[in-house]
Structure formats: C-alpha cells, structure tokens
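# Topology and contacts: notes
Residue strings, one per chain:
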Amino acid sequence: MKAKPAQVQLHLGTLFVRPYLRRATLLSGVFASALLVACSGGSGQSTEDLPNTNPDTGDTSYSGPAPESEDVQNYKRYIWDNLAAENRCGSCHIQGNQSPRFVRSDDINLAHGEGRDLVNLGSPADSRFVTKVASGHNCWLASPDACAEIITNYIEEWAAAAGSVVSTITLTPPPERDVGASKSFPASSGNFATTVYPLLEEYCSACHSEDAPTAQQPYFASSDVDQAYEASKARMDLDNPEQSRFVVRLGSDFHNCWSNCSENADTMTAAIRSFVDGIAVTEVDPEWVTSKALFLTDGIVASGGGRIENNAIALYEFKTGSGTTAYDTSGINPAIDLNLSGDVEWLGSWGIQLNGGKAQAATATSKRLFDTLSGTGEFTIEAWVAPANVVQEGPARIVSYSGGNNIRNFTLGHAMYNYTFQNRNDASTNADGMPALITDDMAERAQATLQHVVATFDPINGRRLYVNGEFTGDADPVAPGLLSTWDDTFALVLGSEASNEFAWAGSIRLLAIHSRALTQDDILTNYEAGVGEKYLLLFKVEEQTDVPQGYVMFEVQQYDNHGYLFSAPKFITLEDGVTPDGVVIQGMRIGINGREAVVGQAWANLDTTVTANLYDPASGQKLSPLGTIITLEKGPTADEFFLTFERLGSEEFVRVEATPALPAAPADLTPQPRIGIRRFEQIHAALSAATGISSAHPAVVDTWEKVKQQLPVEADIRGFLAAQQMGITQLAVKYCSTLVDDTSKRAAYFPGFNFSAGAASAFDSSAKRAQIIDPLLENLLGRPITWPAAMGGHTAQLATAPDESAVRTELNELIDTMTACGGSCSADRTTTTVKATCAAAMGSAMILIH
C-alpha cells in the first residue's frame, strides 16, 4: 500500500527567514512631553503642506476589570487597543451592539472570549479579523488590503510575544495540470493596432497617454502604438477576453464609459476577442520531456516573514498596487501615509517605480518621526531599492526627511556608484547634514539592481551604511552627536526633495524606519528575509523519475512588471520515508505558455544527479545556485509554467540545435587612412627625443602648458586642424631655440659648425650646410641604412619616410631665404637661421605623421 504523502516542513531559516521578531506597538508622543523641543535651525523654507489622512482614533481608554491572564493582556495590548476606536471597530462590535463584541469596553475578559477565535496566531494572515477586512468590511482606509496588512501586523506582534509564530513552511502537493496548448502575445503590435488600440486611442487617450493634459499611468492609449501594446498586455486576458481588466473596468467599475457601460464592455470584449482570434495556438512539442504545469498562484506562499521590525515606526510594503496613496502599515498612529505625485508607477511585485515623481507625507504626520527619533537619539533607514541607472548625481534623494534643498534631518541618497547618508546632529554637521557619509568610490556599492540598503545612526557609532547585509566599512567623516537640532516641521519624501528637485529614478520595494540603530545581525536577518511576494513552485516529475511525489522546486517571485525571478532549484519528494537516488537531471529549461522561454535559460547546461548521500530529507537536494529572469507575458494569474529536460530520470529528449545561419557578408566600410598622427603627448616626447632637450626643461614646460590643449588628441589624421599645426610649430620653435641657445648642447648636436661666423660665410658651401641639415635628418628620419654588397650594397631610408632629397632641398631653400641679406645681415642671423631650419624640420610632417 502506498504511503500517505508527507507534508514536508522546511525550516524558514533554510529558505528565507529566521524566527519572527515583530515590532511592539509604539505610541507616538511618549517622549514629546519629557524632552526639550528641538530648535529648527531657522531654515526659512517651508515644506509642501499635504492633508492629514489620519483622523483621530478617538478615546480608547479602558476602565473595566483587569485582564485575567497573560493571553487576555496580550489581546488587549495588540487587538483591543488598536481596533476599539470608533472609526475602526468600536462603533459596532461593543456591548449591547453587533456580535461578535470583541472590542466591548465594559470587560476585556468578555471581549477576549468573543475575539480570540477570530485570531490565528499560527498563521496571522488567515485570521478572520484579516480576511473580513480584506474583503472590504469596514476598512478605515481607502484600501482594504492596507487595513488587512495593518491588522496582520498587530496579530504578528501578539504571536511573537506569545511565542506562537510558526517557523516552518508546510509543503503540500500542488494541483496536477498537464502542459496545455496556449496563446501568447505576439511580438508585433500589428494585430493589436487594428483591433483593441482604436478603442483605447479614441476613448482613453485623454488620460492614459503621455501627451494627455493630466497624464495617468499606465499609458495604454499612448500615441506610440508599441508602447500602448506593452502597457495593454497585462489588461487583456487571452484565454477569457470577457475577464480582461479593460472589460471589467467598463462593465463592473463603470469607469469612463463613453455611452452605455454594458454595451461598451461588450464592444471591448469583441475587440479583444478579435485580437485573440488572430493569434496562433502554441502547441507543446510532443517529443519534449516535461514536468507538470503550474500557475504562479499554485505555489506555496513563502515570503516576508522573520523580519526584525519590533521598533519599526514607519513601514511601507507597497502592497496596495493602485491609487495615489502608499500606506504606512506599521500600525502606529498617526500613520505616515505617502501621497504619490508625478511619474510614479505601482509594481505588481509590491513596490513603486519612481520616474521623476515622488511620494510625500504630510508635515503633521511626519512629525511622529521627530517625536520618536529625537527621543531615542538613534534610528535606522532600511530600504530595498533598485536604482534605474548609475549615472544619477546630486546626490539624488531616495528617502529624505527634509525642509528644502539645503536643510534636512536626514537623507539617504544615491550618486553614481555611491550611496550617501546625510544626518543633522548638534556636534559636527550643518543644517544640511553635511559633510555626508559616502561609500568608497572604488567599491562601487550602488548598482542598477535590487539591493538592500541600510543607514543607521546612533550617538556612539555615528552614521553607518550597509549594502546587502554587509557593513561597507566607510568611516563617518564627522563625530557623532545628538539629534537635538532636528526640525519638527519637515516632511518625509521619497524620490526627490519636497521641491521636486534632486529626483531619483528607480524602484523602492520596501521601506522601514526604525527607532533604534539595527545591529549587524538584525540587518543580515532582514536581508536574508528578502522582499516581495515569493512562492515555492513544485513541478511534479514523478512519472519520469519513478520517485513517489517527486518534484523540482523553485523559489519564484514577480520581480517587476515585466518579469519573474526563478531561483534556488531543488529536487524534493513529499513522500514519507523515500530517499531518491541516481536521478539524472540534464538540460533543464523553463517553459511558459506552451513554449520554452526565449531568454533566461540559466540551467540549459545543468548536468547533475540526485543521490542519497546528498539528499536532505528536510529540504531536498540543491540543483544549482543560479537564478534567472523570465519575461512576464500574460500576468501572474495567467502565465502557465512548466519545465523541459534533455534528460530526466529514465526519459531523454535529444535536442538538435539549429544550424546557425551564415553571417552576412560584411558591409564595405569607408576606407580608413593607412597612416595616423601623433597625439599631443607623443609629439612632446618625439620633439624631446629628436632635439635632445628634456621635456622637463623650464623653458619648454612653459610653452607646453600653453599649447598642449591645442595639439591633436586622436590619432585619426582626418581630424587634423590647421590650428593644431600652429601649436606644433610653437612647441618646435621652443625646443630648437633652447637647443641652439645652449652652447654645449648645440656643439654636440651640430659638430663642426661655426656659430660665430656671419650668415654670409657660415652657410656658403654645401658642406657647411650639411653640418646643420644632416643631424636634423638623422634624428628625425633615422640614419640611412646601407645594405651589404650581397644584397645590392645600396643605401635607403624607411619606405614610409619622406624623401630625403626633397627635405634637404626645402631646408636649403629656407637657408637661402634667411641669408639673402648678404653682408648686411645682423650679428645673430646665423643662430636665427639655425633655429629656423631646426624648427622647420621639427615642426614638419616628420614629427606629426605616426
């Protein structure tokens, strides 16, 4: 008889998280009455005054009988105190009113008796309190999901206090589904342009286009049809057109109907169906060795737990997914909710993408940061961020609690490959928090990828930065101090200053502000916990491996609006008492919607064997440390995944790689010059070598500094300019003048020449002229080569050198011109003629051409 499948439990520490340490409820204002009010520093600047979206929760004082047990006390602390306000549950679920009376104010013990069954400490998110509010029941915010997340946090705090949090993930068999034929979005927008796009362009472009007066993301009605197509994919259901988001918004939400909403929804359905009908069905190759198929939602949720948040006073998990408010789900009142403005896009993977927009809190609610942190004297900014690029300057503001461009309490910033941290203290920084702590340039800590970035401050260690769980080692340039100079009128802003300047481009997946400086261990715990909604997908491969309840398991999450992250593949069995051995796995690939993904096949070269000595009954056998991104096509609820293998257990698929097409004949390029020119530093060195004058000679250095920016910077002769020749000439004249003016150097360079003779007699024979010309040609062209008699015995220069006789003729003609004065030449005409002859040779193409 076949054994009953075991519910394999994986300890969270082996996957994502360590045991829970949740935040305790903090009360803002505890320190306000006990501490001196900090001085503002006289900024003279005001922040944007946003409305306070946190109404007073009312009087929740309790004067009934004392709690009869610790469990009742915890119920009061974590549930009653937070939900008894009239604007939450206290207007209905009280004595003499609606049952269950879980926030009755007359007896906390009776309230506990009616409310305890609504709480699941082992799985807080499944508590009746949470699911009821998530369905839309009496949420005090605009987002039921945000209310549900806040109540989940309350219950997690209670569970942590009670030691009841489950620290394991129970693996259960997913639904069995064969890989089916599927339709996928074509690469071209041509069919979309003639079916769905005309409706969107006509009726939606007034808002959902980048050209609209009040442009709203997503731009599915963009004037660029390709951009509109990309934005529309997630809103069209290829399998059930009538369930497309475009249809639901018209037929159920009555959003922007152009006439009758029901008829408009039918028109949109028909357009999407017409688009779908033009897409060919993708059939799975029957020769493939495949696993069973799964949707992302078939996976087991395994995300976010185990974070250190017991002192988090502001928490943004960005799970709402729509609207203009990012809710603070820390559960502490007043909530520091953020108003989104400008170009901000929600990410389906939980997060916001900032493309020049910002998220800003009201100054009234931001004051809670001042009240709490100025009291503790320490804090932590923790963020999961993905910079859009590494060319941002400023520094660009990721998270800022500030009052203007040059005054702040703190700012976590980004500048190229660096993260920056400004914090205002009373000892060593100015009102702008300067000088800033900046990561080392050579370390290049900031990268255009998802990173866990943490900034801590305390009065002992000062400022510190951590990236991906690791202390950067950068020393704070100033001494630690106190936060007594903070200003309580500033606003918390993400993505820019309140003025919209110093904008940062990138995504923020999570932000937490803690009222203490997290330790290295705490930071590492939060880094290992990860971010975003993760699933464990178990692809069944029992049939091919003969392993009962055998699966290849992946950790999968929606990485952003365009892709899924697959990582940490393992082989595991859910069958109790079974240890797989000898299971060969080769050439594993990810399939999506009936075909193998075009890119991202990180395991195509996988070649491993599952063996008994490597298999861990608790967590399976790791197959590879690699991860990959698979392109999102239909969306997380519609994309169907499966695995293919070249060999899996007893089955094999012989993959024949397509013969690559022969490369096209290279295009004929514009002919390139066969010669080049010397660059500025080469010209400088060549003149020094040709004249024997050091390039460090003071007279030469002075001229060099004046003309070096005028000299060529590239070797391409086509870029040569007349102005560059003038610079070369000036430098050549200076080298030659320095040579001739030095009697010992000129005597060695021009041996036998009589510099004391007058110009008429000094150059009156070819032999005397050769005493000047020959040394110049030898130093510029090299000494002539005389070949042995066996090779002809002739003398020759290099083939690419100028013709010696032509150069000699030019220099002789110059000497003729310089000495044409006859007997009336000045006394220095001889040295001037030598300098001119030298400069003509040194400033010629013999130096320039390389």
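Residues numbered from 1 in each chain as written. Predicted model: local features only at pLDDT ≥ 70, side-chain atom pairs only at ≥ 80, totals over all residues. Heavy atoms only, no water.

The next subject is the overall build of the protein. Each helix and strand counted, the protein has 22 helices and 35 strands in total. Looking at the protein residue by residue over its 850 residues, the buried ones come to 49%. Surface exposure of the protein reaches about 37500 Å², of which carbon and sulfur atoms provide 51%. (Helix = DSSP H or I, 4+ residues; strand = E, 2+ residues; numbered from the N terminus. Buried < 20%, exposed > 50% of the residue type's maximum accessible area, 1.4 Å probe, protein only. Areas by Shrake-Rupley, 256 points an atom, 1.4 Å probe, with all protein chains shown as cover.)

Contact geometry of helix α15 (residues 698-707) with helix α16 (residues 722-741) gives a least axis separation of 9 Å together with a crossing angle of 175 degrees. Judged by the angle between their axes, α15 and α16 are roughly antiparallel. Across the interface between the two elements, A699, V700, T703, W704 and V707 of α15 pack against G727, Q730, L731, K734, Y735 and T738 of α16. Partitioned by chemical class, the residues of the contact of α15 with α16 number six nonpolar, four polar and one charged. (Axes fitted to C-alpha atoms, helices over the stretch in contact; angles between N-to-C directions. Parallel < 35°, antiparallel > 145°, perpendicular 65-115°, else oblique. Contact = heavy atoms within 4.5 Å. Nonpolar A, V, L, I, M, F, W, Y, C, P; charged D, E, K, R; others polar.)

Taken as a whole, this structure holds 33 aromatic pairs when the rule is applied. Ring centres 4.9 Å apart and planes at 70 degrees place the aromatic pair F220 and F246 in the edge-to-face group. Of this pair, F220 sits in the loop between α7 (197-203) and α8 (225-232) while F246 sits in helix α9 (residues 245-251), and the two are 26 residues apart along the sequence. F246 matches F220 in its accessibility class, with the two residues each being buried. Between F680 and W704, the ring centres sit 6.3 Å apart and the planes meet at 20 degrees, which makes this aromatic pair stacked. Linking F680 in helix α14 (residues 680-691) with W704 in helix α15, this pair joins segments that are 24 residues apart in sequence. Taking the relative accessible area as the measure of exposure, W704 reaches 11% and is therefore buried. An aromatic cluster of at least three residues, connected via ring pairs, comprises F379, Y401, F410, F421, F457, W486 and F490. (Phe/Tyr/Trp six-rings, centres within 6.5 Å; stacked < 30°, edge-to-face > 60°.)

On to the state of the cysteines. If you walk through the whole model with that rule in mind, you get four disulfides. A sulfur-sulfur separation of 2.0 Å characterises the disulfide bridge that pairs C139 with C147. Taking the torsion about the S-S bond as the criterion, the C139 to C147 disulfide, at about 75 degrees, is right-handed. Disulfide partners in the protein, listed by the sequence order of the bonded cysteines, are 1-2, 3-4, 5-8, 6-7. Cysteine C89 is unpaired, with the sulfur of C92 as its nearest cysteine sulfur at 8.3 Å. Given a relative accessible area of 11%, C89 falls into the buried group. You can see C204 has no disulfide; the closest cysteine sulfur is in C207, sitting 8.4 Å from it. With relative accessibility at 15%, the residue C204 sits in the buried group. (Disulfide = S-S within 2.5 Å.)

Secondary-structure assignment places E714 in the loop between α15 and α16. In the structure, E714 is positioned 36 residues away from R678 in sequence and 7.8 Å away in space, judged by C-alpha atoms. Among all residues touching E714, those that are not within four sequence positions of it are I677 and R679.

There is a patch of like negative charges on the surface, built from E210, D211, D224 and D226. By the secondary structure assignment, D226 is in helix α8. Accessibility expressed as a relative area gives 45% for D226, which makes it partly exposed. (Patch = residues over 30% accessible without salt bridge, like charges linked within 9 Å, V, L, I, M, F, W, Y side chains within 5 Å. Salt bridge = Lys/Arg side-chain N within 4 Å of Asp/Glu carboxyl O. Lys, Arg positive; Asp, Glu negative; His and termini not counted. Charge placed at Lys NZ, Arg CZ, Asp CG, Glu CD.)

Our next topic: the pattern of salt bridges. Summed over the entire model, instances satisfying the criterion amount to 37 salt bridges. For R307, the salt bridge goes to E382, with nearest N and O atoms at 2.8 Å. Here the residue R307 occupies a position in the loop between β5 (300-301) and β6 (312-316), and E382 occupies one in strand β12 (residues 379-387), the gap between them amounting to 75 residues. Accessibility expressed as a relative area gives 2% for R307, which makes it buried. Taking relative accessible area as the criterion, E382 reaches 0% and is therefore assigned buried. Across the salt bridge formed by R808 and D774, the nearest N and O atoms sit 2.7 Å from each other. In this pair, R808 sits in helix α20 (residues 804-818) while D774 sits in helix α19 (residues 766-781), placing the two residues 34 residues apart along the sequence.

The sheet built from four strands is open, its strands ordered β28-β25-β32-β33 with antiparallel pairing. Of all the strands in the sheet, the pair left with one neighbour each is β28 (607-610) and β33 (651-652). Pairing analysis gives two bridges linking strand β32 (residues 647-648) to β33, with the strands arranged antiparallel. Directly across from L648, in β33, lies its bridge partner E651. (Pairing = 2+ DSSP bridges.)

Right, let's talk about the nonpolar core for a bit. Of all hydrophobic cores here, the largest spans 47 residues; its most connected members are F410, L492 and I508. Formed by 45 residues, the second largest nonpolar core is a distinct cluster that contains L171, A302, M553 and I590. (Core = buried A, V, L, I, M, F, W, Y, C linked by side-chain atoms within 4.5 Å.)

This part takes up the sheet that holds strand β13 (residues 396-404). One open sheet holds the eight strands; their spatial order is β7-β8-β11-β20-β13-β14-β15-β16, and the pairing between them is antiparallel. In this open sheet, the two strands that pair with only one neighbour each are β7 (325-326) and β16 (437-438). With six bridges connecting them, strand β14 (residues 407-415) and strand β15 (residues 418-423) associate as antiparallel partners. Residue pairing in the sheet places A415 in a bridge with N418 of β15.

Below, the discussion takes up the packing of α16 against helix α21 (residues 829-842). Packed helices, taken two at a time, are described by the angle their axes make and the gap between the axes. Where α16 contacts α21, the two axes come as close as 8 Å, and the packing angle between them is 140 degrees. Viewed along their axes, α16 and α21 adopt a mutual orientation that is oblique. Of the two elements, α16 crosses α21, and the hand of that crossing is right-handed. Together, A732, V733, C736, S737, V740 and D741 of α16 and T831, V834, K835, C838, A839 and M842 of α21 make up the contact between the two elements. The residue inventory of the contact of α16 with α21, partitioned by class, reads eight nonpolar, two polar and two charged. (Left-handed = near helix turned anticlockwise from the far one by under 90°.)

For β13, the buried fraction is high: nine of the nine residues fall into the buried class. Across seven bridges, β13 lies against β14 in antiparallel orientation. Within β14, the position partnered with S400 by the bridge is T411.

Before going further, it helps to spend a moment on helix α3 (residues 108-115). All buried positions along α3 are accounted for by I108, N109, A111, H112 and G115. One side of α3 holds all its buried residues, which, seen down the axis, span an arc of 160 degrees. The N-terminus of α3 is capped by D107, whose side-chain oxygen sits 2.8 Å from the backbone nitrogen of N109. (Arc of directions from axis to C-beta. Polar contact = N/O pair within 3.5 Å; in protein donor to acceptor, adjacent residues only side chain to side chain.)

With that settled, the discussion passes to α14. Relative to the 16 Å expected for 12 residues at 1.5 Å per residue, α14 spans 17 Å between its end C-alpha atoms, a close match to the ideal helical length. Here α14 has its buried residues at I683, H684, A686, L687, S688, A690 and T691. Its buried side turned inward, α14 meets α15, α16, α17 (743-749), α19, α21 and α22 (845-848). Within two residues after α14, G692 carries a phi angle of roughly 80 degrees, on the positive side. (Expected span 1.5 Å × (residues − 1).)

Here we come to the pairing of β6. Most of β6 sits inside the fold, with five of its five residues counted as buried. As judged from the four bridges shared by β6 and strand β21 (residues 505-514), these two strands associate in the antiparallel manner. By the bridge assignment for β21, A312 is matched with H514.

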